[in-house]
Every structure is written in C-alpha cells, then in structure tokens.
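Per-entry structural report
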Amino acid sequence: MDKIDFMNGQIKALLNFANAVIKAHPAPEKLRHHFETIARADPNSPEGLSLSEAYVDGMHDIDKKIAVALERAVSLEQS
C-alpha cells in the first residue's frame, strides 16, 4: 500500500508541474497540438514489460486531465 501511495504522490506532483507549465506557456494552443500528437501515439512498454490494461487506463486518465488543463489555457488565451 505504501508503494501505491508513493506512486500516487508522484503522479500528483507531476500533474501539478504539468499544470504550472501549461499556465505559464506562451503558446498554449501550440502546446496542446504537440501534446495531442504525443498522446495519440501507442504507449511504450516500461523496461520492456508487457503493458497491462490498468497501465494503459491510468495513462489515458492522466492524458485526459492534461488535455482538460490545456483546453482551459487555450480558452483563457482566446478570451
């Protein structure tokens, strides 16, 4: 359980950083375009291991959260 809590803390910290970068980026629409291109790519296997469904689901969940933050930044810039 400690390992899962640790990983959840790492994920939250990375999301906080991603949100800070998104809010400070001078061209959020361009950033969104680059992110969407990367997010559409097939997931890479960590250390040559096979990907579990949970791994892919988790990756897509974080991608969605980042996409929402990017949409907000683009909307604010266009306002």
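These remarks concern the structure in this document. (Residues numbered from 1 in each chain as written. Predicted model: local features only at pLDDT ≥ 70, side-chain atom pairs only at ≥ 80, totals over all residues. Heavy atoms only, no water.)

Concerning the nonpolar core
By size, the foremost hydrophobic cluster in this structure holds eight residues: Leu15, Ala18, Ile22, Phe35, Ile66, Ala69, Leu70 and Ala73. Mapped by element, the contributors of at least two residues to this core are helix 1 (2-24) and helix 3 (53-78). Considering every element that reaches this core, the biggest residue donor is helix 3, with four residues. (Core = buried A, V, L, I, M, F, W, Y, C linked by side-chain atoms within 4.5 Å. Buried < 20%, exposed > 50% of the residue type's maximum accessible area, 1.4 Å probe, protein only. Helix = DSSP H or I, 4+ residues; strand = E, 2+ residues; numbered from the N terminus.)

Remarks on the packing of helix 1 against helix 3
Contact geometry of helix 1 with helix 3 gives a least axis separation of 10 Å together with a crossing angle of 20°. Judged on the interaxial angle alone, helix 3 and helix 1 are roughly parallel. Handedness of the crossing formed by helix 1 with helix 3: right-handed. Taking contact as the criterion, the partners of Ile11, Leu15, Ala18, Asn19 and Ile22 in helix 1 are, on helix 3, Ile62, Lys65, Ile66, Ala69, Leu70 and Ala73. Here the residues of the contact of helix 1 with helix 3 sort into nine nonpolar, one polar and one charged. (Axes fitted to C-alpha atoms, helices over the stretch in contact; angles between N-to-C directions. Parallel < 35°, antiparallel > 145°, perpendicular 65-115°, else oblique. Left-handed = near helix turned anticlockwise from the far one by under 90°. Contact = heavy atoms within 4.5 Å. Nonpolar A, V, L, I, M, F, W, Y, C, P; charged D, E, K, R; others polar.)

Re the pattern of salt bridges
A complete count under the given rule lists four salt bridges for this structure. Close ionic contact of Glu29 with Arg32 constitutes a salt bridge, the shortest N to O distance being 3.9 Å. Of this pair, Glu29 and Arg32 both sit in helix 2 (residues 28-40), three residues apart, which is roughly one turn of that helix. Here Glu29 falls in the partly exposed class, since its relative accessible area comes to 38%. Taking relative accessible area as the criterion, Arg32 reaches 17% and is therefore assigned buried. The salt bridge involving Glu71 is made with Arg32; its shortest N-O contact spans 2.6 Å. Taken together, the residues span a long stretch of sequence, with Glu71 in helix 3 and Arg32 in helix 2 at a distance of 39 residues. Connected through salt bridges with shared partners, the residues Glu29, Arg32 and Glu71 form a single ionic network. (Salt bridge = Lys/Arg side-chain N within 4 Å of Asp/Glu carboxyl O.)

Here's the deal with the side chain of Arg32
Within the structure, the side chain of Arg32 is placed 2.6 Å from the side chain of Glu71, a separation counted as a polar contact. Residues in contact with Arg32, not counting those within four places in the same chain, are Leu70, Glu71 and Val74. (Polar contact = N/O pair within 3.5 Å; in protein donor to acceptor, adjacent residues only side chain to side chain.)

Looking at the environment of Asn44
Take Asn44: it is sitting in the loop between helix 2 and helix 3. Taking relative accessible area as the criterion, Asn44 reaches 61% and is therefore assigned exposed. A C-alpha to C-alpha distance of 9.7 Å links Asn44 and Val56, two positions 12 residues apart in sequence. Look past the residues within four positions of Asn44 in its chain and what remains in contact with it is Leu51 and Tyr55.

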